[in-house]
Amino acid sequence: MPDASLPLIPVADLRVGHYVLLDLGWMEHPFPRNQFRLTSQRQIETIQALGLTRVRIDPARSDLEALEAPALPGADRRPADTPAAEASTPRTPSDPRAQALAEQRRSLQRCERQYHEGARRYRALQEAVERDPRAAAAEAHTLVGSLLADIDGQGESAIRLLGDVQGDRGAQHAMNVTVLALLLGRAMGLSADEQTALGLAAFVHDIGKVRLPDLVRYKDDAFTATQLKVYQEHVEHGVTLAQAMALAPPVVQAIAQHHEAADGSGFPRGCSGAEMSLAAHILALINRYDGMCNPLNPARALTPHEALSRLFAMQKSRFDAKTLSAFIRMVGVYPPGSIVQLSDGRFAQVQAVNAARPLKPRVLVHDPRTPRSEALLLDLQDTPDLSIQRSLRPDQLPCAALDYLEPRPRYCYFFERALRPEGEAREAAA
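Attention in this report is confined to the structure presented alongside it.

Re empty space enclosed by the protein
Going through the model one piece at a time under the given rule, you end up with three cavities of 30 Å³ or more. By volume, the largest cavity is sized at about 340 Å³. Forming the boundary of the largest cavity are 22 residues, of which Glu 45, Gln 104, Arg 105, Leu 108 and Arg 372 lie nearest the centre. No other element matches the six residues that helix α4 (residues 96-128) contributes to the lining of the largest cavity.

Brief notes about the packing of aromatic side chains
Counted according to the given criterion, the structure contains five aromatic pairs. Ring centres 6.1 Å apart and planes at 55° place the aromatic pair Phe 223 and Tyr 231 in the tilted group. Taken as a pair, Phe 223 and Tyr 231 share a single burial class, namely buried. In this structure, Arg 169 packs its charged tip against the face of Tyr 218, placed 4.9 Å from the ring centre. Cation over ring: Lys 316 sits above Phe 312, and NZ or CZ is 4.0 Å from the ring centre.

Describing the nonpolar core
Among the nonpolar cores identified, the biggest contains 71 residues, and Phe 203, Val 204, Phe 327 and Phe 414 are the most heavily contacted of them. A per-element tally of this core places helix α6 (residues 169-187) first, with ten residues. Apart from residues lying up to four places away in sequence, Phe 327 is in contact with Leu 184, Leu 285, Ile 286, Tyr 289 and Leu 308. Core analysis: the second largest hydrophobic core is formed by twelve residues, Val 11, Leu 22, Phe 36 and Ile 44 among them.

Re unusual backbone geometry
Most peptide bonds take the trans configuration, and most residues that are not glycine carry a negative phi. Following Phe 267, the chain continues into Pro 268 via a peptide bond in cis, with omega recorded as 10°. Examined against the element boundaries, Pro 268 turns out to sit in the loop between α10 (249-256) and α11 (278-293). With a phi angle near 45°, Glu 406 is a residue other than glycine that sits in the positive phi range. Summarising the element assignment, Glu 406 is placed in the loop between α14 (399-405) and β11 (413-417).

Some words on the packing of α4 against helix α5 (residues 133-152)
For the pair α4 and α5, interaxial distance at closest approach is 8 Å and the crossing angle is 160°. The angle between the axes of α4 and α5 places the two elements in the roughly antiparallel class. By crossing handedness, the relation of α4 to α5 is classed as left-handed. The segment α4 lies against α5, with Gln 114, Gly 118, Arg 121, Ala 124, Leu 125 and Ala 128 engaging Pro 133, Ala 136, Glu 139, Ala 140, Thr 142, Leu 143 and Asp 150. Of the residues belonging to the contact of α4 with α5, the class tally is seven nonpolar, three polar and three charged.

Quick look at the packing of α5 against helix α7 (residues 192-204)
Axis separation between α5 and α7 bottoms out at 9 Å; the angle between their running directions is 125°. With respect to their mutual orientation, α5 and α7 come out oblique. Note on packing geometry: the crossing formed by α5 with α7 is right-handed. For the pair formed by α5 and α7, the contact residues are Ala 140, His 141, Leu 143, Val 144 and Leu 148 on the first element and Gln 195, Thr 196, Gly 199, Leu 200, Phe 203 and Val 204 on the second. Residues belonging to the contact of α5 with α7 are distributed by class as follows: seven nonpolar, four polar and no charged.

Rules and cut-offs
- Residues numbered from 1 in each chain as written.
- Predicted model: local features only at pLDDT ≥ 70, side-chain atom pairs only at ≥ 80, totals over all residues.
- Heavy atoms only, no water.
- 1 Å grid on protein atoms, 1.4 Å probe; cavity = no way out; pocket = protein on both sides within 12 Å on 5 of 7 lines; lining within 4 Å.
- Points joined across faces, edges and corners; volume = space filled by probe spheres on them.
- Helix = DSSP H or I, 4+ residues; strand = E, 2+ residues; numbered from the N terminus.
- Phe/Tyr/Trp six-rings, centres within 6.5 Å; stacked < 30°, edge-to-face > 60°.
- Buried < 20%, exposed > 50% of the residue type's maximum accessible area, 1.4 Å probe, protein only.
- Lys NZ or Arg CZ within 6 Å of the ring centre and 35° of its normal.
- Core = buried A, V, L, I, M, F, W, Y, C linked by side-chain atoms within 4.5 Å.
- Contact = heavy atoms within 4.5 Å.
- Axes fitted to C-alpha atoms, helices over the stretch in contact; angles between N-to-C directions.
- Parallel < 35°, antiparallel > 145°, perpendicular 65-115°, else oblique.
- Left-handed = near helix turned anticlockwise from the far one by under 90°.
- Nonpolar A, V, L, I, M, F, W, Y, C, P; charged D, E, K, R; others polar.

Structure below.
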């Protein structure tokens with residue numbers, strides 16, 4: 001429990017540099033720890049989305065600048081033509097915009113909590129797999145079963161970009177690949193048993209890396225030939241561990257083939273596409289996509305749009321054509337995380353893509369009149385006259401838009417219930 005003698009401050013007064021102590025259980029928030037120094041505005045927004053009104057801080061461990069900082073200029077800015085009386089009137093719970101903003105925050109919070117729970121299970125699996133492989137298998141089955149139940153229970157799903165996710169990169173990679181693989185498997189019509197096998201293979205595909213030295217655990221383009229050979233051995237280690245976990249043969253096969261390629265250029269066997277299972281084709285594609293977006297060296301990271309374009313234009317032969325086409329249809333031309341310019345000239349970041357309507361994503365639009373923490377996502381399916389004009393790299397943004405949109409150093413995904421179809425949304429708003 002936080003020290004009750006430490007001061008409580010309003011959540012609205014939090015600043016980067018404050019050392020916060022959250023009086024919450026670890027499952028009640030998405031952060032790795034209950035006590036930490038705030039390093040980004042996004043962390044503050046996440047705390048605001050938890051519904052807390054006040055938070056305890058430790059002045060002794062906070063940055064002096066944060067303690068002395070005045071209220072942020074424009075924190076309560078409204079459009080210039082908003083009447084003063086209206087601007088000073090707090091929104092009530094019955095305000096439709098306030099309700100929509102609250103639900104938007106709750107949905108993101110749910111996604112981040114479930115994502116962190118999955119990452120926790122992956123770390124538990126890593127710790128248990130050598131000494132108790134059956135317990136490790138139980139962690140995988142529980143996680144995959146939970147994800148499939150959520151996906152099946154919510155109708156259409158939207159792929160959601162998460163906030164400033166912190167933690168182990170191996171666990172994040174496992175979660176990203178699992179989430180995208182399950183959504184793609186469902187879109188391609190896999191049976192329930194096939195989806196379960198795919199999910200298990202996706203979650204544990206890199207488990208063999210627990211037997212690798214830290215130096216070669218994550219692929220680096222600077223590897224020597226010897227280091228690359230040791231790195232590639234994680235596939236064989238993964239197969240051995242999967243068999244010890246008593247995972248089904250289709251799961252083991254997908255793990256064995258997750259670095260193979262349809263044109264025979266993969267490893268460890270260099271098998272052709274016809275020898276690969278559909279689960280392996282899905283896993284190989286999504287594993288490569290996440291590796292391009294989230295490489296070991298962040299300077300070499302591609303934006304989601306760039307990664308998708310390169311897969312299609314330059315590496316198409318490496319992947320099963322049907323699987324690649326289905327993936328592009330699912331994530332759209334501009335996957336979540338893409339920085340874009342809209343047809344009216346504004347800059348935005350794609351936040352969520354409905355797999356059923358991928359060309360009409362929800363975007364966070366740069367609007368200097370509205371604090372980022374109060375910005376509602378713009379659903380392009382409700383704005384037929386507005387479209388995405390082009391994709392941009394973050395360094396192509398004006399400084400103000402870059403500060404507002406805050407592109408992430410890593411891309412992490414989950415899923416949420418898709419918004420209602422366009423006609424229903426308009427009818428509800430009328």
